[in-house]
Amino acid sequence: MLTLAVTIVSFAAFIIAYNTYGCWLSTKVFGLDDSAEMPSQQLRDDVDYVPTRKSVLFGHHFTSIAGTGPIVGPAIAVFWGWLPALIWVVLGSIFVGAVHDFGALVVSMRNRGQTLGEVAGRLISRRARILFLLILFFALTVVLAIFGLVIAGVFRMYPESVLSVWVAMPVAIAIGYHVYRRNGTLLIPSLLALVILYGCVWLGVYHLPISLPGSANTQTIVWTFILMAYCFAASVMPVWLLLQPRDYINSHQLVVALALLIGGVAVAGITNRADLAGSAPAIVAADELPANTPPIWPFLFITVACGACSGFHCLVSSGTSSKQLACESDSQFVAYGSMLMEGALAVLVILACCAGLGMGRYQKADDGTWTPMVSAAGEQLTGRAAWRQTYDAQGDWDKFRLPQTVGAFVEGSANFLTAIGVPLKLGVGIVAVLVACFAATTLDSATRLQRYVIQELATTFHVVPLQNKYAATGLAVSLGLLIAMLPGPSGYGTGGLLLWPLFGATNQMLAGLAFMVIVFYLVRRGKPLWFAMIPAIFMLIVPTYGLIMQLFGNNPGFFSQQKYLLGTVGAIILALQVWMIIECIILLPRVRGVLEEALPPLKNRETVPTPEGHFQPVEGVWTGLNKSADQCSSLAAAIKTRTFVRADQDYPDQVIVKLWLPPLAATYLAIGEIPTPSFVTPSDIFAETESREWEWLVLRAGSMFCQSCRYRLGRGSTQHATVDHWWSRIYRKPHRRCRAE
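Residues numbered from 1 in each chain as written. Predicted model: local features only at pLDDT ≥ 70, side-chain atom pairs only at ≥ 80, totals over all residues. Heavy atoms only, no water.

Considering the overall build of the chain
And then number 1: From N to C terminus, the chain includes 25 helices and seven strands.
And then number 2: Accessible area of the chain: about 27600 Å², with a carbon and sulfur share of 63%. (Helix = DSSP H or I, 4+ residues; strand = E, 2+ residues; numbered from the N terminus. Areas by Shrake-Rupley, 256 points an atom, 1.4 Å probe, with all protein chains shown as cover.)

Here we look at helix 9 (residues 187-206)
The periodicity of an α-helix, 3.6 residues per turn, causes residues three or four places apart in sequence to face the same way.
And then number 1: Here helix 9 contains 20 residues, and its C-alpha end-to-end distance of 29 Å stays within 8% of the 28 Å for a straight helix at 1.5 Å per residue.
And then number 2: Within the sequence span of helix 9, burial applies to Pro189, Ser190, Ala193, Leu197, Tyr198, Cys200, Val201, Gly204 and Val205. Summarising the axial view, the buried residues of helix 9 lie within an arc of 160 degrees, below the 170-degree limit, and thus occupy one face. Away from its buried face by more than 90 degrees, helix 9 exposes Leu187, Ile188, Leu192 and Val195.
And then number 3: Where helix 9 is buried, its residues touch helix 8 (162-180), helix 11 (243-270) and helix 18 (424-460). (Expected span 1.5 Å × (residues − 1). Buried < 20%, exposed > 50% of the residue type's maximum accessible area, 1.4 Å probe, protein only. Arc of directions from axis to C-beta. Contact = heavy atoms within 4.5 Å.)

A word on the pattern of salt bridges
One side chain can pair with another of opposite charge once the charged atoms of both are near each other.
And then number 1: Within the structure shown, the criterion is met by twelve salt bridges.
And then number 2: One salt bridge connects Glu160 with Lys364, and the closest N-O pair in it is separated by 3.4 Å. Of this pair, Glu160 sits in the loop between helix 7 (126-157) and helix 8 while Lys364 sits in strand 1 (residues 362-364), and the two are 204 residues apart along the sequence.
And then number 3: With its nearest N and O atoms 2.7 Å apart, the salt bridge here joins Asp247 to Arg246. Arg246 carries the same exposure label as Asp247, and that label is buried.
And then number 4: Three or more residues are tied together by salt bridges with common partners; here these are Asp48, Arg448 and Arg451. (Salt bridge = Lys/Arg side-chain N within 4 Å of Asp/Glu carboxyl O.)

A few points about the side chain of Gln42
And then number 1: Mapped onto the elements of the fold, Gln42 is located in helix 2 (residues 39-42).
And then number 2: Only 3.4 Å separates the side chain of Gln42 from the side chain of Glu37, close enough to count as a polar contact. (Polar contact = N/O pair within 3.5 Å; in protein donor to acceptor, adjacent residues only side chain to side chain.)

Digging into empty space enclosed by the protein
And then number 1: Evaluation of the coordinates by the stated rule reveals five cavities of 30 Å³ or more.
And then number 2: One number sums up the size of the second largest cavity: a volume of about 60 Å³.
And then number 3: Where the lining of the second largest cavity is concerned, the elements lending two or more residues are helix 7, helix 14 (312-319) and helix 20 (500-524).
And then number 4: Considering only residue class, the lining of the second largest cavity consists of eight nonpolar, two polar and no charged. (1 Å grid on protein atoms, 1.4 Å probe; cavity = no way out; pocket = protein on both sides within 12 Å on 5 of 7 lines; lining within 4 Å. Points joined across faces, edges and corners; volume = space filled by probe spheres on them. Nonpolar A, V, L, I, M, F, W, Y, C, P; charged D, E, K, R; others polar.)

Focus on the side chain of Thr506
And then number 1: The residue Thr506 is located in helix 20 in this model.
And then number 2: Classification of Thr506 by relative accessible area gives buried; the value is 5%.
And then number 3: When residues no more than four places from it in sequence are discounted, the contact partners of Thr506 are Ala139 and Ile573.

So, a nonpolar patch on the surface
And then number 1: Residues Trp202, Leu203, Tyr206 and Leu208 make up a contiguous nonpolar surface patch of about 360 Å² in total accessible area.
And then number 2: Note on placement: Tyr206 falls in helix 9.
And then number 3: The exposure class assigned to Tyr206 is partly exposed, which follows from its relative accessible area of 34%. (Patch = residues over 30% accessible without salt bridge, like charges linked within 9 Å, V, L, I, M, F, W, Y side chains within 5 Å.)

Quick notes on helix 20
And then number 1: An ideal rise of 1.5 Å per residue puts 36 Å on 25 residues; helix 20 measures up with 37 Å between its terminal C-alpha atoms.
And then number 2: In terms of residue burial, helix 20 counts as a mostly covered element, since 23 of its 25 residues are buried.
And then number 3: Backbone geometry just downstream of helix 20 places Gly526 in the positive-phi region, at approximately 65 degrees.

Some points on the packing of aromatic side chains
And then number 1: Under the defined criterion, the tally for this structure stands at 27 aromatic pairs.
And then number 2: Among the aromatic residues, ring-to-ring pairing joins Tyr18, Tyr21, Trp24, Phe30, Phe95, Phe102, Tyr336, Trp530 and Phe531 into one connected group.
And then number 3: Positioned over the ring face of Phe333 is Lys54, at 5.2 Å from the centre of the ring.
And then number 4: Directly above the ring of Tyr452 sits Lys323, whose terminal nitrogen or CZ lies 4.7 Å from the centroid. (Phe/Tyr/Trp six-rings, centres within 6.5 Å; stacked < 30°, edge-to-face > 60°. Lys NZ or Arg CZ within 6 Å of the ring centre and 35° of its normal.)

Here's the deal with the nonpolar core
And then number 1: If you look at the biggest cluster of nonpolar residues, it comprises 214 residues, and the most contacted ones within it are Ile124, Tyr391, Phe409 and Phe416.
And then number 2: Apart from residues no more than four positions distant in its own chain, Phe409 is found in contact with Ile71, Leu261, Val349, Ala352, Cys353, Val431, Leu434 and Val435.
And then number 3: Judged by nonpolar contacts, the second largest core, of six residues, contains Met228, Val477, Leu481 and Ala484. (Core = buried A, V, L, I, M, F, W, Y, C linked by side-chain atoms within 4.5 Å.)

Description of the packing of helix 7 against helix 20
And then number 1: At their nearest, the axes of helix 7 and helix 20 sit 10 Å apart, and the two run at 145 degrees to each other. Like other packed secondary-structure pairs, helix 7 and helix 20 cross with a definite hand, here left-handed. Side by side, helix 7 and helix 20 meet where Phe132, Ile135, Leu136, Ala139, Val142, Val143, Ile146 and Phe147 of the first sit next to Trp500, Phe503, Thr506, Leu510, Leu513, Ala514 and Val517 of the second.
And then number 2: Classifying every residue of the contact of helix 7 with helix 20 gives 14 nonpolar, one polar and no charged. (Axes fitted to C-alpha atoms, helices over the stretch in contact; angles between N-to-C directions. Left-handed = near helix turned anticlockwise from the far one by under 90°.)

Quick notes on the environment of Ser93
And then number 1: Checked against the element boundaries, Ser93 lands in helix 5 (residues 82-109).
And then number 2: For the pair formed by Ser93 and Glu342, sequence separation is 249 residues and the distance between their alpha carbons is 8.1 Å.
And then number 3: Residues contacting Ser93, with those up to four places away along its chain left out, are Phe14, Trp88, Ala98, Gly307, Ala308, Met339, Leu340 and Gly343.
And then number 4: Separated by 2.6 Å, the side chain of Ser93 and the backbone oxygen of Val89 make a polar contact.

Section: unusual backbone geometry
And then number 1: With an omega of 5 degrees, the peptide bond between Trp297 and Pro298 qualifies as cis.
And then number 2: The topology assignment puts Pro298 in helix 13 (residues 296-303).

A few points about the confidence of the model for the chain
And then number 1: Considering every residue of the chain, the mean pLDDT works out to 77; 80% of them sit at 70 or more.
And then number 2: The secondary structure element of the chain with the lowest average pLDDT is helix 24 (residues 665-671), at 29, and the one with the highest is helix 5, at 96. (pLDDT = per-residue confidence, 0-100.)

Quick word on the packing of helix 8 against helix 10 (residues 216-236)
And then number 1: Remark: helix 8 packs on helix 10, axes separated minimally by 13 Å, with the N-to-C direction vectors making an angle of 20 degrees. With respect to helix 10, the axis of helix 8 lies roughly parallel. As helix 8 packs across helix 10, the resulting crossing turns out to be left-handed. In contact with Val162, Trp166 and Met169 of helix 8, helix 10 contributes Trp223, Ile226, Leu227 and Tyr230.
And then number 2: Residue composition of the contact of helix 8 with helix 10, by class: seven nonpolar, no polar and no charged. (Parallel < 35°, antiparallel > 145°, perpendicular 65-115°, else oblique.)

What to know about the environment of Ala120
And then number 1: Tracing the sequence through the fold places Ala120 in helix 6 (residues 116-123).
And then number 2: For Ala120, a relative accessible area of 0% translates into the label buried.
And then number 3: Placed 400 residues apart in sequence, Ala120 and Phe520 show a C-alpha to C-alpha distance of 8.7 Å.
And then number 4: Once you skip the residues sitting within four places of it in the chain, Ala120 turns out to touch Ser125, Ala128, Arg129, Phe132, Val517 and Met580.

Below, the structure written as structure tokens:
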């Protein structure tokens, strides 16, 4: 029953925290305001900036932050016992990780969706901006090198997971086009996608496991190349076409898998098949730990990162999610809620790697069947013996790698699923797909984030070629691939594993720096600080201390073990972090109550508001754009041959069709037949053209509607819109922004 009690208490703590502490942060500290204009509306380009429903954005955010981190970290941390890992996961998620993610999202959202590196330049100093961006660059390079190998390793170990992961891509593209280009609903496509993906899980397990020929290293190398090619495409494609819908449908698949796991934990706990206390020690004595095990302080807080607090999350919050929020109040659900859900996942990982393994160990035969592992006496390994078979006290900490960590979670979770009648083989497939999907969503999101960082650095240092998104993405993918292909612990193609020991400390140090940016944001506005300052100090001191021990200690010690690549990269990151901390300490007392420099005004944002309470024709305005005579002629020809708008039956009695005219209106009029604003009624139905090359804006009392992309721009008595939205559609380019207040 202890297994079930731990689950109930942990999940209840997350629910209570969301509805109390999370609401306090939303209303009393950040003062979320749904009337505020969002970056997704200000800078809309339908590539990176896209207003998104909160349910869809939650799926994208959750699957992006919940990679293999909340699985691998807790799976290793139970070496010290399940209780310390559990306490850090629950308390860390509520008071550290969720605050970090939420604060990063709000700060970025209120700075036009800029990354925290860009925001640091205004809140702290320009030098801090460069330091932060360099740290982000190194951290994301490590992530790309490692996670590509992680997914390749999962594909190699669990070929039954491959089919479902790749089928999700075309399904996501179809849903993205259906929703954003056909104004379709989400319910039926979501259910259909869920059926397709779980059907692929069943096919992959029983009929179509996909494995590549060759040795283990060859398979890993080939999968890594394929994954990096996919990441390049996913990074440059519009976010609504692949990344966002893929994460959305993956989130459904993952939520179903987690629900099945919770059901299995409940049944196994009630029937006493899962015995947490009898399977693993709550706290492991020092003399029972494997060789080379680092001390629990500070390495527990570095090992368990994504399940409690992770610096990578601030990159997702400020890199992609802040550009897609439709209103400010969605940020609590998206950021705070996602972190708590990731904490719930980490709790399940701890239980699976302890109580789940205690239900019995199995081994996979060459034909894909799973047979029980037995002791010398011929009895199946269960309880403490089964747990010790994986977490071997006579082994070596440094040799406990991906197959052991992921394998412990997959097999323990599959045991839970057998408690609710799922066959062990199918259960292994379901959990393996869960791991692969989490890792894949993190990998392509990290590629997109690295592209932003490279473009920002290129702008800072005036490297014009790298300001192009294709060139920046190519550099990001190439660096990750280069490091991954270096000779590593298992030969060529495993070089990313050389940097794995750096990931934990670097990731947590990044969280501390993100907290510093949040603190500066609060200090300048005279907001309460304690809720951010306490975790900021903790997340700066602990990982810095841990990295110093890794670099210069006797056990472990990169330089003493002649691991010069690790030592050099780690020393560079440590120096950058210390430099930025010093900058912050010097500047913090000077900025209290002093607002940072305002963002520059947006280009081409002159608008035409209509009088409150009624609508009437106004003069067209288009400023800041100079088009050639050929472009003007092309536009005039298009206007002559196309009708303007279709009035729907639900329109009010009187609407206004408004054509925005540029400063070159005289040229247009000379060409002839330029229509003027006019009144129409629902009975005046015009034939609708099939072409989407250009568009009209329809203004009516209460809302404004884009006739090209079918996006309802907003409600209210005062309406205005930018005119470059219209022009960009003429030349088949995504409109940069549509705005309505």
